[in-house]
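These are the residues of each chain, in order.
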Amino acid sequence: MFLPGAGWLDYDPTNRLSAGFDLIPVAIARHPGQAVPLAGSWYGDSGDYLGMSINVAVHKLGEMLDPSEG
């Protein structure tokens, strides 16, 4: 979000997180509609589709200081 005098600040309205160590930006866009999580097209018959699964794993590499708590 843009705050006059402060400039652009990271903010996640879904989880109510402001800029800090717990916020991991995954997309940057001028309009929220441009930051869709997935987009694409399908070519083929409906019976050709076999499904889709997605797995995400996050691993902690070590301890780091939070620069926003300076």
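Our subject is the structure listed above.
Residue positions are counted from 1 within each chain, in the order its sequence is given. For this predicted model, a pLDDT threshold of at least 70 governs which residues receive local features, and a threshold of 80 or more governs which side-chain atom pairs are given and counted, while totals over whole chains, interfaces and linings are taken from all residues. Hydrogens and water molecules were not included; the side-chain quantities draw on all heavy atoms of the structure.

### Examining the overall build of the chain
Only DSSP runs of H or I with at least four residues qualify as helices, and only runs of E with at least two residues qualify as strands; both kinds are numbered from the N terminus onward. Scanning the chain from N- to C-terminus turns up zero helices and four strands. N-terminal to C-terminal, the α/β element order of the chain is β-β-β-β. Of the roughly 7300 Å² of accessible surface on the chain, 57% is carried by carbon and sulfur atoms. Note that accessible areas follow from Shrake-Rupley with a 1.4 Å probe, and for residues the cover is restricted to the protein chains shown.

### Here's the deal with the pattern of salt bridges
We count a salt bridge whenever a side-chain nitrogen from Lys or Arg sits within 4 Å of a carboxyl oxygen from Asp or Glu. By the definition in use, this model includes one salt bridge. Put simply, Glu63 and Lys60 hold a salt bridge, and the shortest N to O gap is 2.7 Å. Neither residue differs from the other here; Glu63 and Lys60 are each classed as exposed. Think of it in three bands: with a 1.4 Å probe and only protein chains considered, a residue is buried below 20% of the maximum accessible area for its type, exposed above 50%, and partly exposed in between.

### A look at the environment of Ala35
The topology assignment puts Ala35 in the segment after strand 4 (17-18). Residues count as neighbours in contact if any of their non-hydrogen atoms are within 4.5 Å of one another. Ignoring sequence-local partners within four residues, the contact set of Ala35 consists of Ala27 and Ala29.

### Examining a nonpolar patch on the surface
Residues forming no salt bridge and having over 30% relative accessible area are the ones grouped into patches, like charges within 9 Å of each other and nonpolar side chains (Val, Leu, Ile, Met, Phe, Trp, Tyr) within 5 Å. A surface patch of nonpolar side chains, amounting to about 770 Å² of accessible area, comprises Trp42, Tyr49, Met52, Ile54, Val56 and Val58. Position of Trp42 among the secondary structure elements: in the segment after strand 4. Assessed through its relative accessible area of 48%, Trp42 is described here as partly exposed.

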